[in-house]
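# Examination of the molecular architecture
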Amino acid sequence: MKILITGSLGLIGSEAVRFYLNDAWQVIGIDNDMRKHFFGEEASVQKNWVDHGNYRHHGIDISKIEPIIELEKPDAIIHAAAQPSHDYSAKNPLLDFGVNAYSTLMLLEMMRKHCPDAVFVYLSTNKVYGDWPNFYEYDETDTRYTPKDSIWVNGIPEQVPIDNCMHSPFGVSKLAGDLYVQEYARYFGLKTGIFRCGCITGAKHSGAELHGFLAYMALCKKTGKHYNVYGYKGKQVRDQLHAKDLVRAIDCFIRDPKPGSVYNMGGGKDSNVSVLEALNWLKIKDWEYMQEPRIGDHKWWISDTRKFE
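Residues numbered from 1 in each chain as written. Predicted model: local features only at pLDDT ≥ 70, side-chain atom pairs only at ≥ 80, totals over all residues. Heavy atoms only, no water.

The number of helices and strands found in the protein is nine helices and 15 strands. Rg of the C-alpha trace for the protein: 19 Å, near the compact-globule value of 19 Å for 309 residues, within the 12% margin. C-alpha atoms of the protein, sized along the principal axes, occupy 55 × 40 × 35 Å. Relative to its 309 residues, the protein shows a buried fraction of 57%. (Helix = DSSP H or I, 4+ residues; strand = E, 2+ residues; numbered from the N terminus. Rg over C-alpha atoms; globule rule 2.2 N^0.38 Å. Buried < 20%, exposed > 50% of the residue type's maximum accessible area, 1.4 Å probe, protein only.)

Dropping the structure here:
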């Protein structure tokens, strides 16, 4: 079996590479280390390079991979390459759209043309729901917000609206890709699926201030760097899922695809943390509170994973 993984040096992509190599697949990786371009030298993902006889790496832009797909005709494609930051997308909306939306459409067309029987998995984001979760009412404890309505006890499900709200350009570009992936299942009959992720973490995460708060917080603890908290009194909550567990979930879909399906995916009600709680647990003292939250940021997000389960 053969799988093509975009963003193959990133947090999710590199875990997927190792997972499928351990299962004796042939793995084709696509990654040109754009994360370093987005967030600086310390965010480079070159450290996640894999040296293995069944792994072939291409350090090229996705726009140049049609000859590779035509030659390899993979049995599965995991599209994990992305521009992942709210803030960066607002500064560079055209590049953000090109990476997140246009490249996704191009991959779908290449698959439809050269390997229409393959399974395609798109790594989407909870940011496709925009700031809808902020419209709900929350109770406030010493360290976190919790929803007043017990309907959210298992987290936020896939039925939450995706429009008439603020997303950030990042949320919009990822939603465009998300909808295209759904449509290529419903309209063209391809075996595509979408995982809308909360916070994904792990040791291979090249955390940066603009993306990956838990990994970046751990980096600040390790190196003594100053940490900034943006808005909501630091009581904003995120569920946390290890990238290895996300890859196991993706593999379930690849082995038994439900075309066009959308799954919210994260740590859920059993694995979540507020920024303030994480600061306390890591015993970080050198941090500063910025009153203004990031535009479109969620006050509370826990994924309802029951549909996938």
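Turning next to the pairing of strand S2 (residues 26–30). Most of S2 sits out of view: four of its five residues are buried. Where the polypeptide runs from strand S1 (residues 2–6) across helix H1 (residues 11–22) and back to S2, its parallel neighbour, the crossover connection is right-handed. In terms of strand pairing, S2 meets strand S3 (residues 55–58) through four bridges, oriented parallel. Across the sheet, the residue bridging to Gly29 is His57, located in S3. Of the crossover connections in this fold, the one passing from S2 over helix H2 (residues 34–39) to the parallel S3 is right-handed. (Right-handed = clockwise from strand over helix to strand, strands pointing away. Pairing = 2+ DSSP bridges.)

Taken as a whole, the second largest pocket encloses approximately 210 Å³ of empty space. At four residues, the largest contribution of residues to the lining of the second largest pocket is made by helix H7 (residues 213–223). A breakdown of the residues in the lining of the second largest pocket according to their chemical character gives five nonpolar, five polar and two charged. (1 Å grid on protein atoms, 1.4 Å probe; cavity = no way out; pocket = protein on both sides within 12 Å on 5 of 7 lines; lining within 4 Å. Points joined across faces, edges and corners; volume = space filled by probe spheres on them. Nonpolar A, V, L, I, M, F, W, Y, C, P; charged D, E, K, R; others polar.)

Attention shifts here to the packing of helix H5 (residues 93–114) against helix H6 (residues 168–186). Their axes nearest at 8 Å, the elements H5 and H6 cross at an angle of 10 degrees. By the angle between their axes, H5 is roughly parallel relative to H6. Across the interface between the two elements, Pro93, Asp96, Phe97, Asn100, Ala101, Thr104, Leu105, Leu108, Glu109 and Arg112 from H5 touch Pro169, Phe170, Ser173, Lys174, Ala176, Gly177, Tyr180, Val181 and Tyr184 from H6. Within the contact of H5 with H6, the residues separate by chemical class into eleven nonpolar, four polar and four charged. (Axes fitted to C-alpha atoms, helices over the stretch in contact; angles between N-to-C directions. Parallel < 35°, antiparallel > 145°, perpendicular 65-115°, else oblique. Contact = heavy atoms within 4.5 Å.)

Summed over all chains, the structure comprises 18 salt bridges. Among the ionic pairs, Arg255 bridges to Asp23, the shortest N-O distance being 2.5 Å. Of the two residues, Arg255 sits in helix H8 (residues 243–255) while Asp23 sits in the loop between H1 and S2, which places them 232 residues apart along the sequence. Note that Lys269 is salt-bridged to Asp270, the shortest N-O span being 3.9 Å. Each member of the salt-bridge network shares a partner with another, and the members are Lys2, Arg56 and Glu72. (Salt bridge = Lys/Arg side-chain N within 4 Å of Asp/Glu carboxyl O.)

Owing to its 3.6 residues per turn, the α-helix aligns residues three or four sequence positions apart on the same side. Along H7, the residues classified as buried are Phe213, Ala215, Tyr216, Met217 and Cys220. Buried residues along H7 sit against strand S9 (199–201), strand S10 (227–230), strand S11 (237–242), strand S13 (272–274) and helix H9 (275–281).

Here we come to the sheet that holds S3. Taken together, the seven strands give an open sheet; going across it, the order is S3-S2-S1-S4-S5-S8-S12, and neighbouring strands pair in parallel fashion. Looking at strand neighbours, the two that pair on one side only are S3 and strand S12 (261–265), the edges of this open sheet. Across the sheet, the axes of successive neighbouring strands diverge by a mean angle of 15 degrees, strand direction being ignored. Note: S1 against S2, five bridges, orientation parallel. Its bridge partner being in S2, Thr6 is matched across the sheet by Ile30. Along the sheet face, H1 touches S1, S2, S3, strand S4 (76–79) and strand S5 (119–125) and points at about 165 degrees away from the line of S1. Contacts from H8 reach S1, S4, S5, strand S8 (191–197) and S12 within the one sheet, and its direction differs from that of S5 by about 140 degrees.

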